[in-house]
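# Fold and geometry: a report
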Amino acid sequence: MICLLLTIFASLFAAACSGVQERTFLAVKPDGVQRRLVGEIVRRFERKGFKLVALKLVQASEELLREHYAELRERPFYGRLVKYMGSGPVVAMVWQGLDVVRASRALIGATDPADSQPGTVRGDFCIEVGKNVIHGSDSVESARREIALWFQPNELLCWEDNTEHWLYE
Ligand code: IDP
Ligand code: MG
């Protein structure tokens with residue numbers, strides 16, 4: 001009987017944590033936190049149906065930010081970008097769902113808010129590229145790298161999503 005219960009529990013746990021669905025790393029940048037946009041941004045991803053698996057308020061170190069944006073190290077704005085991202089706390093998050101990397105980029109909008117469509121986070125809440133309120137991973141590969149950089153494995157929570165069968169076919 002105990003064995004049976006353990007087996008059922010293990011399979012439920014495996015289903016909840018399965019790698020079937022993709023994950024992405026999102027962060028509300030210091031301007032988003034200062035401007036009290038955290039709730040609004042989280043609300044948009046929740047309302048879409050994605051599953052929150054980690055969230056924390058972080059004062060990021062320069063080292064972490066340099067690593068996070070390592071691909072942009074040759075760009076003229078790299079120093080300014082690292083300073084901006086370290087100018088206050090950020091809200092670091094991991095979200096999970098079908099095609100979540102691509103869908104999140106669509107919800108976020110173009111890098112430069114001047115090109116972002118209304119209805120997107122950047123289209124609705126900001127004006128200039130140097131203060132564009134949110135970060136989102138640009139590929140599944142970047143998401144893996146960024147999640148590992150910002151979170152310990154035990155900070156990613158597995159929980160059973162009771163709405164899943166209302167969201168997915
Ligand atoms: P993304 O955030 O849309 O993925 P990236 O090209 O990866 O855009 O650039 C990372 C971040 O660097 C941007 O979100 C923005 O904060 C900043 N950035 C990008 N281009 C510029 C620029 O031309 N001037 C100032 N900051 C920039
Ligand atoms: Mg990027």
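In this report, we go over the structure that sits alongside the text. (Residues numbered from 1 in each chain as written. Chains lettered and ligands numbered in written order. Predicted model: local features only at pLDDT ≥ 70, side-chain atom pairs only at ≥ 80, totals over all residues. Heavy atoms only, no water.)

### Brief notes about the overall build of the chain
- A tally of regular secondary structure across the chain gives nine helices and four strands.
- The order of α-helices and β-strands along the chain, N terminus first, is α-β-α-α-β-α-α-β-α-α-β-α-α.
- In the chain, the proportion of contacts linking residues at least 24 apart, taken out of those at least 6 apart, comes to 78%. (Helix = DSSP H or I, 4+ residues; strand = E, 2+ residues; numbered from the N terminus. Contact = heavy atoms within 4.5 Å.)

### Overview of the packing of aromatic side chains
- All chains considered together, the criterion is met by three aromatic pairs.
- Aromatic side chains Phe25 and Trp150 sit 5.2 Å apart centroid to centroid with 25 degrees between the ring planes, which places their arrangement in the stacked category. Highlighted residues: Phe25 in strand β1 (residues 22-28) and Trp150 in helix α8 (residues 140-150), separated in sequence by 125 residues.
- Overall, Phe25 belongs to the buried group, its relative accessible area being 0%.
- You can call Trp150 buried: its relative accessible area is 5%.
- A centroid spacing of 6.4 Å and a plane angle of 65 degrees characterise the contact between Phe25 and Phe151, whose relative ring orientation is edge-to-face. With Phe25 in strand β1 and Phe151 in the loop between α8 and α9 (164-167), the pair connects residues that are 126 residues apart, well separated along the chain. We note that Phe25, like Phe151, is buried.
- Taken together, the ring pairs in this structure connect Phe25, Trp150 and Phe151 into an aromatic cluster. (Phe/Tyr/Trp six-rings, centres within 6.5 Å; stacked < 30°, edge-to-face > 60°. Buried < 20%, exposed > 50% of the residue type's maximum accessible area, 1.4 Å probe, protein only.)

### Observations concerning helix α5 (residues 78-85)
- Along α5, the positions that sit buried rather than exposed are Tyr78, Leu81, Val82, Tyr84 and Met85. What you see down the axis of α5 is that its buried residues fit within an arc of 160 degrees, all on one side. For α5, the exposed residues lying more than 90 degrees away from the buried face are Arg80 and Lys83.
- On the buried face of α5, the contacting elements are α2 (30-34), α4 (62-68) and β3 (90-97). (Arc of directions from axis to C-beta.)

### Some thoughts on the site of ligand 1
- Every residue near ligand 1 is listed here: Lys29, Tyr69, Leu72, Phe77, Leu81, Arg105, Thr111, Arg122, Val129 and Asn132.
- Between ligand 1 and Val129, the relevant distance is 3.4 Å, taken from an oxygen atom to a main-chain nitrogen or oxygen of the residue.
- Relative to its free-state accessible area of 520 Å², ligand 1 is covered by the protein chains to the extent of 78%.
- Given that more than half its atoms are within 2 Å of the pocket grid, ligand 1 belongs to the largest pocket.
- Its residues placed into classes, the shell around ligand 1 shows five nonpolar, two polar and three charged. (Near = heavy atom within 4 Å. Polar contact = N/O pair within 3.5 Å; in protein donor to acceptor, adjacent residues only side chain to side chain. Areas by Shrake-Rupley, 256 points an atom, 1.4 Å probe, with all protein chains shown as cover. 1 Å grid on protein atoms, 1.4 Å probe; cavity = no way out; pocket = protein on both sides within 12 Å on 5 of 7 lines; lining within 4 Å. Sits in = over half its atoms within 2 Å of the grid points. Nonpolar A, V, L, I, M, F, W, Y, C, P; charged D, E, K, R; others polar.)

### Digging into the layout of surface pockets
- Empty space within the largest pocket amounts to approximately 690 Å³.
- Lining the largest pocket are 25 residues, and of these Tyr69, Leu72, Phe77, Leu81 and Thr111 sit closest to its centre.
- Of all the elements in the fold, those that place two or more residues in the lining of the largest pocket are α5, β4 (134-136) and α8.
- Considering only residue class, the lining of the largest pocket consists of seven nonpolar, eight polar and 10 charged. (Points joined across faces, edges and corners; volume = space filled by probe spheres on them.)

### Thoughts on the nonpolar core
- The biggest cluster of nonpolar side chains holds 21 residues, and the ones touching the most others in it are Phe25, Met85, Val94, Trp150 and Phe151.
- Looking at this core, the elements that each hand over two or more residues are β1, β2 (51-58), α4, α5, β3 and α8.
- Ranked by residues supplied to this core, first place goes to α5 with five residues.
- Trp150 has contacts with Phe25, Lys56, Val58, Ala60, Leu64, Leu65, His68, Val90, Ala92 and Glu155, leaving out every residue within four places of it along the chain. (Core = buried A, V, L, I, M, F, W, Y, C linked by side-chain atoms within 4.5 Å.)

### Some remarks on the pattern of salt bridges
- Tallied over the entire structure, the rule returns eight salt bridges.
- Arg102 serves as the salt-bridge partner of Asp99, at 2.6 Å between the closest nitrogen and oxygen.
- For Asp99, a relative accessible area of 29% puts it in the partly exposed group.
- We note a salt bridge from Glu141 to Arg144, for which the minimum N-O separation is 3.3 Å. Remark: Arg144 and Glu141 occur in helix α8; sequence separation between them is three residues, near one turn of the helix. The pair formed by Glu141 and Arg144 is uniform in burial state, with each residue classed as exposed.
- Each of Glu40, Arg43, Arg44 and Asp124 takes part in salt bridges that share partners, so that together they form one network. (Salt bridge = Lys/Arg side-chain N within 4 Å of Asp/Glu carboxyl O.)

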